[in-house]
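# Structural overview for review
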Amino acid sequence: MSDPLVLKEEGNKFFKDGDLVAALSCYMNALDISDLKDADKAAIYKNMAACHLKQEKYTEAIEDATAALNVHENDPKALYRRCMAYEKLGKVEEAYKDAGALIKVDPKNTAIQPIIRRLTPLIQEKIKQQNSTSAKVSQMFNLAFDSGSDDEKKLQALNNLVVLAREDAGANYICEQSGVQRLKALLEGRNLTLIQAAIRVLSCVCSNSVPRSWLVSKEIGVKRLGLLMWESNEALVTSTGKLIETMLVKITGLDIHRKAEEDYQATRKRGEPCRRPRLELDDDQREYLKETFHMLIKMLQNYKVSGEGRDAAMELLIKNMLRKNGLQWTRDFLETDGVEGLLAVAGAIKQHETLPVTENSKMHAAVALSNIYDDLYSDKEADKFKAKCSEYFKDLFGDEIFESKIEALKAISTLLQGPYEVGSMILGFEGVTKIMFAMADSENVLHQQIAVEAIVHSAQKQKRCNSLLAGAVPILKKLYQTAEDSIKVRALVGLCKLGTSGGSDASNKPMAEGSTLAMAKSCRRFLNNPSKDVDLRRWATEGLAFLTLDADVKEDLVNDISALKSLIDVTAKAEKNILYPASTVFVNITNSYDQKEMVPEMIELAKYAKQHVPEEHEKDKPDFVKKRVMALANYGVVTALVALSNADSKNTREQLSRVFLALTTEEELRGLVVAQGGAKALLGLAMENNTDKGQPLAAQALAKITITMNPETTFPGQRMYEVVRPMLNLLHIDNTALQNFEGLMALTNLSSISDSLRKRIVAEKGVSTIENYMTDDHEMLSRAATECMCNMVMNEDVVKLYEMENDRTKLMTLFCAEEDPHVVKAAAGALAILTHSPVVCNKVLQVNSWYEILQGLVVEESPEVQHRGCYIVMNLMCADKDIAAKLVEGQMLEILMALSILDDPSRVQACKCVTTALEKAVEFELIKALPKKS
C-alpha cells in the first residue's frame, strides 16, 4: 500500500509545477488509503480545493473545502478557499458568511480584506432588495389569500408570487411567512386555474433549495401532489409534474450528482484519472424516493387517473429511471408491477374505456420499456424482464375475453417500437401471428387498424420482413383498397416497409418495378390531405421514412413542393409520434446516413465469388444530393430541425445531427442555419442526450459554422464559451481525421477572439489535447494544431506551461525548421510570443540546432515568417546579455547587419526588430554602434 503522506508530497510538487491533473490524482489516491489521519485528510482536501480553484471548477472547490471543514471546523485556509469559490459562483451571502467566520478565527488575515471590501456593498444591496421583496410578498399575500378578493385578483397575485419566488429572498420570505401552508389551503379548492398557479409558486420555492423542498414535501405530501396529477387539465398536470421533478432533484441531490457524472464522463474521455460519482442517500431521502416511485407506478394502472396524468407519470419515470441517474429505478421496476403497468398502458384502447390514454401514451410506454430493457445489467435481469412480459401476454391470450386479445396485440405493437427483441419474442408465441392476420382480414375497422399497426412494427428487421411477405402482403394490398383512410394509410406503410427491405441498394428490390414510386406518390397524397389530419400525415411520413431509401423517391419528393412543405410543416409542430420518422426522411433525402465505403478490390472479389454487390443509384451522386440539400434548406427545414431538437429520444437527436451536418457542409447555407436558430440547437445536440455517433456529428456541424463565421455574432454572450467543450470533444482518437481537423480549425478561430476564451480552453484541459495533434503524422492535423497553439500561447497560463521542465519549447523551436511553410509560420509566431519570457529564451538555447533554425527564419523569403524570426531574435537579444553574446557570434551578426539596411517596403517590420536587436547589442557593449546615416 502506498504511503498517503508520500502521495500528498508528490501532489504538492505537481501543484507547484502547475500540473494540476497529476496533483489531483495523487491527492485522490491518498484519500483512498483508509488509515489516513484527520489532520492529513483535511490538508489534502484543502489542497484539492486549491487545484479546483485554479481550474475554475468552483463547485468542486466548495465541496473539497467543505470536506476539510467537516474534519477541522473553522480552518482558515478552507474557509478562505470556499469563500473565493462562493464569490466566483456569485453566491454572495455564503461568501460573506465564510469571510466573517475567517476574520473571527484569524483577525490578522490580510488576504480576506479585499474580498470583504468587494462583498460588503453587494450584501448591502441584497439586504435592500430583500426588504423591498418582503414588502411585495406581503402585498401579494393579502390579495392571494384574502377571502374578499375575487378569483381574477387572486390569480394575478399568485402569478406575481411566481416571479418573486424565483429569487431566493422572495422564496425564503414566502416560507418564513407560512406561505407554503397558505398555498396548501388553495390546493384543497376546486378552482383548477388557482391550483395550477399555486403549484407554480411552490415549484419556484423549491427551486435551488434543499430545505425549502423538504418543507414543501412535509407540508403538502407526495400523495396530495399525485392526486392533482389525476386531473385531465393538461396545464395543471404539467405544472404538478414539474414540481414533483424539482423536489425529487433537490431532495435527493440529483442535480449535483448529474453534474458530477457529466464531469466524470468528460474527464474520462480525456484519459485523466477520476472516480465515478455515487449518489449517497440517507434514510429520509430513500423513504421519500420510495414513496414517489410507488406513487408514480400506481398511477399507471389506476383507471381514475386521466390520460394526461398517466403521461406525466411516465415522463417522470423515464427521466429518472436509468442507473446512471443514480436512482436505480430500473431495478425497482423488476421488483414491483411497474413493467406490467407499462404494458397495460401500451395495450390500452380508447374505445374500450378501461384505461384513459392520450395519443402520446403508447409512445411514452414504448420509450419507458425500451429504457428499462437497455439499462438491465445482467442476463439474469433480462430474463426476469422477459418472464414478466411473457406472463402478462399469456394471461391476456389465455382468457376467453376477445377484447383482451386486441389489447394484447396493441401492447405487442408498442413493445416492437421499444425493446424490439422482447416484442419479437412475444410475436413468436404460438398462434399470435395467426390472430394478427385474422384481425387484419376482419371487417372491424378497429381490429384492422390495430392488426395492421402490429404488422407494420413487426417488419422492422429485414429477416422478419422476408418471413412476413408471404402472409402479410395479400392482406395489406386488400386493406389498401378500403375506403377508410386510417386503415388505408397504415396498410400503405406496411407495404412500404416490406417493399424497401433491400435498403438503399439499387439492385435489390423485393417488389415489382415501379411499385415503390407508386407507394411514395400515395404517401405524398396523404401528406397533402385537405383536412390536414395529423394522424394521416404521421403515417404517411413513416411510409416515406422507408421509401426515401430509394433515390427516385427522394427526387420525386423534393420536386413535389407541396408535399415537401407539408412534411416540414407537420415536423415543425414537433408531434412526438412523428419525430423519428420525419428526421429519418430528412436523413435519407440528404444521404447523411452511414454508408459503407465501396472498395474496388472487394467489389471485384465479390463478383468473382458470385456474391451480391450493392449498387449506388445514379441519383445518389454528389450533385443530386447537393440539390436536394439546398431545396430542403430553402423550404424551411432548419425551422423544423430546431423544433425537433427538444426531442428526448437519442436516436432522433442523432438523426437531426446528421441532417444539420449535411446542411452545414454547404458553406453557403451556414448563415441560414444560424439565422434560423440552428447554432443554438446544435449546441444542445453536441452536449447532451445524444448517441455516441450523434454527438460528434453535431459538434462537427458546429465546427463548420465556427470556422467560417464570426463566433462573437454566431454564439452571442455565454454561448460562445459553451462551444469550447464540443470542439475539444472532436479531438478524440475515435473520431475521423476530418472531425479532428475541423475541431482544431474551430478552436483556432475561437482562441483568436479573447483571452477569456483561451482561459476556457485551458480550463477544459485543451492545451495537452491540442499539443498531441502537433506531432500527428497527418500533415493537415499537425498544421492545424500548431496554428491553434500559436493563438493559445497568448494566454499567460499557457506561457507558464512552456516555462516548466518539459520539452514544449524544444518542440516549438524544432517546428520552426519543418518543411511545411504553414507549420513554420505558426511555430515562429508562437515562439515570437513565448520569447517575451526570459525563461523560454533560455530554453530555446538548449535546443541543439537553435542557431541554424533562427538563421533560417531571419533569411526566409516570406516577409511574415522573416518578421517573426527577427522578432524572436529581438526578444532573445533583449532577454539577457549572455544570450545576446551567443547571438552575435558567427554569421547571425552579418545577417542582422544586412537586414538593418535593407530597403524593401514588405520587410519594414522585420528591419525594425533587427534595429532594436542591434541597439541592444550595442547597449551590452557586444558590438560598436553603427555610424549614423548622413
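Treat the numbers as computed from the prediction; the structure is a model and nothing was measured.

For the rest of this paragraph, the subject is the pattern of salt bridges. Where charged atoms of side chains with opposite charge meet at close range, the side chains can pair. One pass over the structure, following the stated rule, counts 39 salt bridges. A salt bridge links Asp283 to Arg286; the shortest N-O distance between them is 3.2 Å. In this pair, Asp283 and Arg286 both sit in helix 16 (residues 283-301), three residues apart, roughly one turn of the helix. Given the relative accessible area of 61%, Asp283 is considered exposed.

The next thing to look at is the packing of helix 35 (residues 637-644) against helix 36 (residues 650-665). Interaxial distance between helix 35 and helix 36 falls to 11 Å at its minimum, and their mutual angle equals 150°. If you check the angle between helix 35 and helix 36, you find them roughly antiparallel. Classified by chirality, the crossing of helix 36 by helix 35 is left-handed. Residue-level inspection shows Val637, Val638, Leu641, Val642 and Leu644 of helix 35 in contact with helix 36, the latter providing Leu656, Val659, Phe660 and Leu663. In the contact of helix 35 with helix 36, the residues fall into nine nonpolar, no polar and no charged.

Next up on the list: the side chain of Arg524. Position of Arg524 among the secondary structure elements: in helix 28 (residues 515-527). In contact with Arg524, not counting residues within four places along its chain, are Asp556, Leu557, Asp560 and Ala563.

It is at 10 Å that the axes of helix 30 (residues 551-559) and helix 34 (residues 622-634) come closest, and there the two elements cross at 35°. In the packing of helix 30 onto helix 34, the handedness of the crossing is left-handed. Across the interface between the two elements, Lys554, Glu555 and Val558 of helix 30 pack against Phe624, Arg628 and Ala631 of helix 34. Residues belonging to the contact of helix 30 with helix 34 are distributed by class as follows: three nonpolar, no polar and three charged.

The next thing to look at is the packing of aromatic side chains. Inspection of the entire model under this criterion finds seven aromatic pairs. On the numbers, 5.3 Å between centres and 70° between planes, the contact of Phe141 with Phe145 is edge-to-face. Summarising the aromatic geometry, the rings of Tyr392 and Phe393 are spaced 5.6 Å apart at their centres and angled 90° between planes, so their arrangement reads as edge-to-face. You can call Phe393 buried: its relative accessible area is 0%. The cationic tip of Lys488 hangs over the ring face of Tyr480; the distance from NZ or CZ to the ring centre is 5.1 Å.

What follows concerns the environment of Asp64. Counting through the fold element by element, Asp64 comes out in helix 4 (residues 58-71). Since its relative accessible area comes to 8%, Asp64 is described here as buried. Asp64 sits 101 residues away from Ala165 along the chain, and the two C-alpha atoms are 30 Å apart. Apart from residues lying up to four places away in sequence, Asp64 is in contact with Tyr45, Met48, Ala49 and His52. A distance of 2.7 Å separates a polar atom in the side chain of Asp64 from a polar atom in the side chain of His52.

Parameters and conventions
- Residues numbered from 1 in each chain as written.
- Predicted model: local features only at pLDDT ≥ 70, side-chain atom pairs only at ≥ 80, totals over all residues.
- Heavy atoms only, no water.
- Salt bridge = Lys/Arg side-chain N within 4 Å of Asp/Glu carboxyl O.
- Helix = DSSP H or I, 4+ residues; strand = E, 2+ residues; numbered from the N terminus.
- Buried < 20%, exposed > 50% of the residue type's maximum accessible area, 1.4 Å probe, protein only.
- Axes fitted to C-alpha atoms, helices over the stretch in contact; angles between N-to-C directions.
- Parallel < 35°, antiparallel > 145°, perpendicular 65-115°, else oblique.
- Left-handed = near helix turned anticlockwise from the far one by under 90°.
- Contact = heavy atoms within 4.5 Å.
- Nonpolar A, V, L, I, M, F, W, Y, C, P; charged D, E, K, R; others polar.
- Phe/Tyr/Trp six-rings, centres within 6.5 Å; stacked < 30°, edge-to-face > 60°.
- Lys NZ or Arg CZ within 6 Å of the ring centre and 35° of its normal.
- Polar contact = N/O pair within 3.5 Å; in protein donor to acceptor, adjacent residues only side chain to side chain.

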